Amino acid sequence: MYLTRNEIEIMDVLWRENRALSRGEILSLSTDKTWMDSSVHILLNSMLKKGAIREAGFVKCGKTCGRVYEAAFSCEEYHVGTLDSTRCVPDPIALAKAYLAAHRLDAGQIEKLKAILDEA
């Protein structure tokens, strides 16, 4: 699934907050957004159509009710999906090695990773 930069900015807010958010909350929590407030409705509808977000109910907003939205998948699931959608699917070992070279893991994370590998 391809998400635009603006859609990724909304997803980042949903992933960071890890809860369903109203349109107003998305607007107020999107501090570094590159899109205009007036386009949030278009972005949310596009993301609903793509299956990136889903409706998670309604919340009272003043005198009316508004929908709340949640991410349909995690940040990690999105990035794995983008890797699978390219013609060059990276070798999992080489991908893990490159990631580990670029990011320092603490001892706890290393132990969790070892446990995952032991289960596989």
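Residues numbered from 1 in each chain as written. Predicted model: local features only at pLDDT ≥ 70, side-chain atom pairs only at ≥ 80, totals over all residues. Heavy atoms only, no water.

J.: Would you mind going over the environment of S28 with me for this structure?
T.: Mapped onto the secondary structure, S28 falls in helix α2 (residues 23-29). Under the relative-accessibility criterion, S28 is labelled exposed at 54%. Separated by 43 residues in the primary sequence, S28 and A71 have C-alpha atoms spaced 17 Å apart. (Helix = DSSP H or I, 4+ residues; strand = E, 2+ residues; numbered from the N terminus. Buried < 20%, exposed > 50% of the residue type's maximum accessible area, 1.4 Å probe, protein only.)

J.: Which parts of the structure should I look at to understand the packing of helix α1 (residues 5-17) against helix α3 (residues 40-50)?
T.: Two numbers describe a pair of packed helices, the interaxial angle and the distance between the axes. Across the interface, α1 lies against α3 with an axial gap of 10 Å and an inter-helix angle of 85°. In this view, α1 runs roughly perpendicular relative to α3, as classed from their interaxial angle. Facing α1, whose interface residues are N6, E7, I10 and M11, α3 presents L43, L44, S46, M47 and K50. The residue inventory of the contact of α1 with α3, partitioned by class, reads five nonpolar, two polar and two charged. (Axes fitted to C-alpha atoms, helices over the stretch in contact; angles between N-to-C directions. Parallel < 35°, antiparallel > 145°, perpendicular 65-115°, else oblique. Contact = heavy atoms within 4.5 Å. Nonpolar A, V, L, I, M, F, W, Y, C, P; charged D, E, K, R; others polar.)

J.: Please explain the pattern of salt bridges as it appears in this structure.
T.: A side chain with one charge can pair with a side chain of the opposite charge if their charged atoms come near. Applying the stated rule across the entire model yields eight salt bridges. With a closest N to O distance of 3.8 Å, E17 and R16 form a salt bridge. When the shortest N-O distance is used, the salt bridge between R67 and E55 registers 2.6 Å. You can see R67 sitting in strand β3 (residues 64-71) and its partner E55 sitting in strand β2 (residues 53-61), a full twelve residues away along the chain. Since its relative accessible area comes to 25%, R67 is described here as partly exposed. Overall, the relative accessible area of 40% leaves E55 in the partly exposed class. Here the residues in one salt-bridge network are R16, E17, R19 and E25, joined through shared partners. (Salt bridge = Lys/Arg side-chain N within 4 Å of Asp/Glu carboxyl O.)

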